[in-house]
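Examination of the molecular architecture
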Amino acid sequence: MPAASPPSPMALNIASPTPSMFKKRSSQTLAPMTSAASYLSALSQADARARNSREKTPTSTPALSLSSSITSSSEDTVLNESDLDNNADGLALPARPPTSEQVFTTVHTEFGHCANEAYRLTSQHTPGEPVPAHVEQDPPYYILLSTYISYLILIVIGHIRDFVGKRFSPKSYTHLMPRNGYAPLNSDFDSFYTRRLKTRMDECFSQPVTGVAGRTILLLDRISPDYNHTQILTGTRTRALNISSYNYLGFAQARGGCADAVEESIKRCGVSTCGARLTGGSSDLHTVAEALVAQFVGMEDALISSMGFATNSAYIPALVGKGCLVISDELNHASIRFGTRLSGAHVRMFKHNDMGSLESLLREVISQGQPKTHRPWKKILLIVEGLYSMEGTLLNLPGILELKKKYKFYLWVDEAHSIGALGPHGRGVCDYFGINPRSVDILMGTFTKSFGAAGGYIAGDKTMIDHLRVHGHLGPYGEAMTPPVLTQIVASMASIMGIANPGAPSSTSGAVVPIDTPASHPGPAKQSDLPAWLNLPPQLSSGAEGRSRLRRLAFNSRYLHRGLIKLGFITYGHPASPIVPLLLFNPGKMCMFHRMMKDRQTPIIVVVVAYPATPLVTSRVRFCVSAAHTKEDVDTVLRACDEVGDVLDLKHGIKKRERWDIEKIVNSAAELAAV
Amino acid sequence: MASSSTSLEPLFAFLATSLSKLEYAFNKLPGSAVIQRYVRSSHQNDPGRTILELILVIFAIRTLMQSRTRADRAEKHFIQFSDKEIDELVDEWTPEPLGPALSAAEQAELAAVPVVVGPNGPKPRLASTGKTATNVASFNFTGLAGNEHIQQRAVETLRKYGLGSCGPPGFYGTLDVHMDLERDIADFLGTEAAILYSQGFSTISSVIPAFCKRGDIIVADRGISFAIHKGIQISRSTVRWYDHNDLRSLEEVLESVEKERRKRKGPLTRRFIITEGIFEKDGAMVDLPKLIEIKYKYKYRLILDESFSFGTVGRTGRGLTELYNVPAEKVDMLVGSVAIGLCSSGGFCAGSQTVVDHQRINGPSFVFSASMPGLLAVSASEGINILRSTPSILTTLQENIRAARAILDRVDCISIPSHPASPIIHISIRSPSSTSLHPASAALSPVKPSNPASPLPRDAGTWDWDVEAEERLLQDVVEEALAQGVMITKAKRLRGQETVEARPSIRLAMSSALTKKETEKAVTVVKNALVKVLGRRR
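Residues numbered from 1 in each chain as written. Chains lettered and ligands numbered in written order. Predicted model: local features only at pLDDT ≥ 70, side-chain atom pairs only at ≥ 80, totals over all residues. Heavy atoms only, no water.

An unreviewed UniProt entry annotates chain B as serine C-palmitoyltransferase originating from Lyophyllum shimeji. The UniProt entry for chain B carries this comment under Cofactor (unreviewed entry): "pyridoxal 5'-phosphate". According to its UniProt record, chain B has this under Sequence similarities (unreviewed entry): "Belongs to the class-II pyridoxal-phosphate-dependent aminotransferase family." (UniProt positions renumbered as here; feature names shortened; annotations may be inferred.)

With an unreviewed UniProt entry as reference, chain A is termed serine C-palmitoyltransferase, source organism Lyophyllum shimeji. Per UniProt, the comment on chain A under Sequence similarities (unreviewed entry) is "Belongs to the class-II pyridoxal-phosphate-dependent aminotransferase family." UniProt's Catalytic activity (unreviewed entry) comment on chain A is quoted here verbatim: "L-serine + hexadecanoyl-CoA + H(+) = 3-oxosphinganine + CO2 + CoA".

And the structure:
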């Protein structure tokens, strides 16, 4: 697109004539600011400016008529020239230009270029070391107190507004009151939280984006003229560093071997499989992918479902029912709760990742039997997650397997976040602890996160998987996974495993660090097991890039985690976890943190989570590290957190004299991560 | 006696000193004097009060210390065991196998599931035979699968968005193409807004619990699909059932619910009618104008599952609302499947802005699931464009359905409960004894009404078909047809998990991708297979 053309709502225009309130303008003035108050006043000025100029140029206001089709694929791809020319945000070009020997096959904005082999680690459990329990570090009392007071103020003001509003402006409350014999669709009590608390921070949620959710992401800028009741897209875009998407291994890519394979599969197999697995929707690609998944996780057989949520909610009821007991971690994902509720089984919960609580519960339920009748349980299924998405806690798998031997329960491990992200071979928690996966009964996981695809899988022994194929809800009723998604899974998984190709000369000699595969982990995928047309480039098929991705992710996770701790923040979770929650506590700080990160010279987008996803007081920001991030990207995040953390008074983790300076952290990153 | 008191002397001395120390420390505490004065004066005035207050404090501490997981122990059914007894009970306990092995019949059926090599479409190549077969099993009603324009647009989207969205819609998973598809669906149907779910099956079972809560009233059809049953189950609402596709029965049930409410004088709760456009179970079609009339009369909201009617009926495939010329706005929550209707993936719920916005926070499988891949959303948008611009697709589909029904309706060993315009045709075996399987003829027979609280219809006791034997016969038909180069499938059920066990049937899915001649040829093969296998039975 020529630079002189009039501003179109679709154009990627860095020097936008309509500066949005979220643009970088305010970031230049951010540095000397010392308090949140001064920041806020600056922000409101910027806001006013943006609105005024918006009124002057009505032609470029809302992009309500955003065309539903992309007119040309080349118009604004990630390699757009104007994007590369303008590297003011430091996202388009690598901090260190590549040398002539270094060849990068990825697009830097999707998958960062990082050639320094010092910034690599292996994700592995040190044998003998105890698995840390979930520790909740408390902030100073004044933080807790002010958090409670903030919620109190929000609730009181909300109720006052409701009370006054219903009397003086009944029109805007009609949907909350009984009307012409219809009860309100969302009852007043239910919707209070949404209307009075969540709406206030809606700018942190449901941000529309475009392009690849890779290392960076393009935000569609939006403003709200009426306190978040409506959000209007301004038509401009901002490229931001993406530390929020579940893109652990960086396979969210529009270029590269996997995307090429997907393109090939669309041409060969189309977009749809037209139906459920048992009724005419099965294809040979399903067979291939299921066999590969089984080999990848080290189980006998596996099945694939087209949605991660439904993998739990539709298959748990096929295994347990009346007379069975499900023991569930108190912080398990909603899909697990949904599935157990559908199953009709009795549910008991134990304290998050606490083996003591689990054992005492087990002793109680087995000795007592079913409620009232005291008959023994038909079966007991323990459902836990490998890595908890809001806490970053790593499952204490060795502890659970110890208990499993004695108490004979069945174990379902939801590896939605841990598969691909943990372990020296990326095979999840079992791999991380060096435990034979067959000692777990059911390994469930999703492809959304590490593999850049969609859907989920369940792996186990063949009898059970066949049982699920026939008796699971999705077999006869759910749509089968589509060919492009299947191909993405096969291609990304094969590139992590490497492809054994006896004919071709071994190309692994130049690999990063050879990892000797233990016997429990089956070696590379066989070429004959993959679709004949699948042709991955050598760096993928050798497994070299896959290994490098795993090691980059392991480094980035530990570096960010340790860095934040050294800066003085309160964080949760295991250092190996790519999910790094940073505690904010105050509800007001969530919006501020989100906005201050986004308004920086290098915009960073973050996910803030609050009640009801977390307990009321422990609102947090959750970083999701990716292999696509370079060490410099993590530096950027740490620097940003350092500055914002000072302004928002977030450093309550360790005493001031134990804290490290940001430069010290950045300079000794490799040592810090390797501790 | 004296010796014992001397030996205890050091203990008394220790107690005395520690007591005085404690007293000293207590006096040092800020505000201790106030407490002391309070206790003293209250004790002086009324010694009984001290005891009462002490009990209160102890009770408060006990309540605070009690953890909620212990609640079950307080129950009267709790039996106290010693550790050794528990160990024995643990040793004794043997669980049932987690996933029991399949029966021989189930195994054979699983092995017989057709697997397509390469693209699915009107004439896919099958893995089992290596040959192509005519496909009347897969859902490719409007022939969008294999459309080259859609494939090209999918590749373009891949090159811009990659594949996965890597996040739930709330956290940077909302792509512009998702918003475009939502708008396209809303425009296409004529509703204010629409919301996109990433799997068709999970859509309805998420929409229902988003609105229906405990205490709300659901009046549902007895013939609804498995997914709707699951949605109703998870909502925990009060459910009343009306006879399958019988709107007179619906009115009766609504009357009885109203009567019940007036009797109890309960508060006004949300009330919903839940039914399907074209029923997954048998292909019957609901009389939408009448249903809308009833819903307005009794002030209910309507949740209509159009999974099998969206993209298959109406002039351009807008579904029942187009077929009956009813504005889609009159359906409060219109649920459809993008996977079935538009040959992509996912599902949607269309309705007013309030209805849609509510689901963005309360629809479990919307909130807690990753959004669908961008290229699938674009494929669906393109599918809508094609349907809009080419009404001939739907004409061809309807012609094919008519041609198929013309052949099948003449076969007398089967019965077809499906509506003549339904793109899915269910074929079940006609029992020699009972001939009144059609809902229309069933409604004529004046028997006592069914119990609205039970999902089973009144004549459930008279169902005399042998499910296993019929399944086996129909599977023979499927295999016979496949041998003749026609791919069909039984309607697979989750026997044992279904609320109402449907009668075994073969489900044909018509497609506009086949010509009328090809359809006739394929259906004739099915007919011959039916006659051959079912003829053998007698």
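Having put the structure on the table, let's press on.
Some remarks on the overall build of chain B
From N to C terminus, chain B includes 22 helices and 15 strands. Counting the 538 residues in chain B, one finds 53% classified as buried. If you take every contact in chain B between residues at least 6 apart in sequence, the share linking residues at least 24 apart comes to 69%. Of the roughly 24100 Å² of accessible surface on chain B, 57% is carried by carbon and sulfur atoms. (Helix = DSSP H or I, 4+ residues; strand = E, 2+ residues; numbered from the N terminus. Buried < 20%, exposed > 50% of the residue type's maximum accessible area, 1.4 Å probe, protein only. Contact = heavy atoms within 4.5 Å. Areas by Shrake-Rupley, 256 points an atom, 1.4 Å probe, with all protein chains shown as cover.)

Here we look at unusual backbone geometry
Omega for the bond connecting Tyr611 of chain A with Pro612 of chain A falls within 30 degrees of zero, at 5 degrees, which places this linkage in the cis form. By secondary structure assignment, the location of Pro612 of chain A is in the loop between β16 (607-609) and β17 (619-624). The phi dihedral of Lys372 of chain A is positive, around 70 degrees, even though this residue is not glycine. Tracing the backbone shows Lys372 of chain A in the loop between α10 (355-368) and β8 (380-385). One non-glycine residue, Lys299 of chain B, lies in the positive phi region at around 60 degrees. Along the chain, Lys299 of chain B falls in the loop between α13 (288-298) and β8 (301-305). Relative accessible area serves as the criterion here: at 32%, Lys299 of chain B is assigned to the partly exposed category.

What to know about the interface of chain A and chain B
Across the boundary between the two partners, chain A contributes 133 residues, which contact 119 residues of chain B. For the pairing of chain A and chain B, the buried interface totals around 10700 Å² over both sides, and the portion due to carbon and sulfur atoms is 61%. The three residues of chain A that bury the most area against chain B are Tyr182, Leu185 and Tyr477 of chain A, which together make up 8% of that side's buried surface. Our count for the chain A to chain B interface comes out at five salt bridges. Taking the shortest distance from any N to any O, the salt bridge between Arg363 of chain A and Asp83 of chain B comes out at 3.8 Å. Applying the counting rule to chain A against chain B returns 51 residue pairs in polar contact (both at pLDDT 80 or more). Here the side of chain A that touches chain B gets eight residues from one element, more than from any other, and that element is helix α6 (residues 257-269) of chain A. Partitioning the side of chain A that touches chain B into residue classes produces 62 nonpolar, 45 polar and 26 charged. Relative to strand β1 (residues 115-117) of chain B, strand β4 (residues 282-283) of chain A runs parallel, the two sharing two bridges. Bridging from a neighbouring strand, Ser282 of chain A pairs with Val115 of chain B of β1 of chain B. (Buried area = accessible area lost by both parts, 1.4 Å probe. Salt bridge = Lys/Arg side-chain N within 4 Å of Asp/Glu carboxyl O. Polar contact = N/O pair within 3.5 Å; in protein donor to acceptor, adjacent residues only side chain to side chain. Nonpolar A, V, L, I, M, F, W, Y, C, P; charged D, E, K, R; others polar. Pairing = 2+ DSSP bridges.)

A few points about helix α17 (residues 544-567) of chain A
Residues and elements named next belong to chain A. A rise of 1.5 Å per residue sets the reference length of α17, with its 24 residues, at 34 Å; its end C-alpha atoms lie 34 Å apart and thus fit the reference within 8%. Burial analysis of α17 places 22 of its 24 residues in the buried class, the great majority of the element. Gly568 lies just past α17 and shows a positive phi near 110 degrees. (Expected span 1.5 Å × (residues − 1).)

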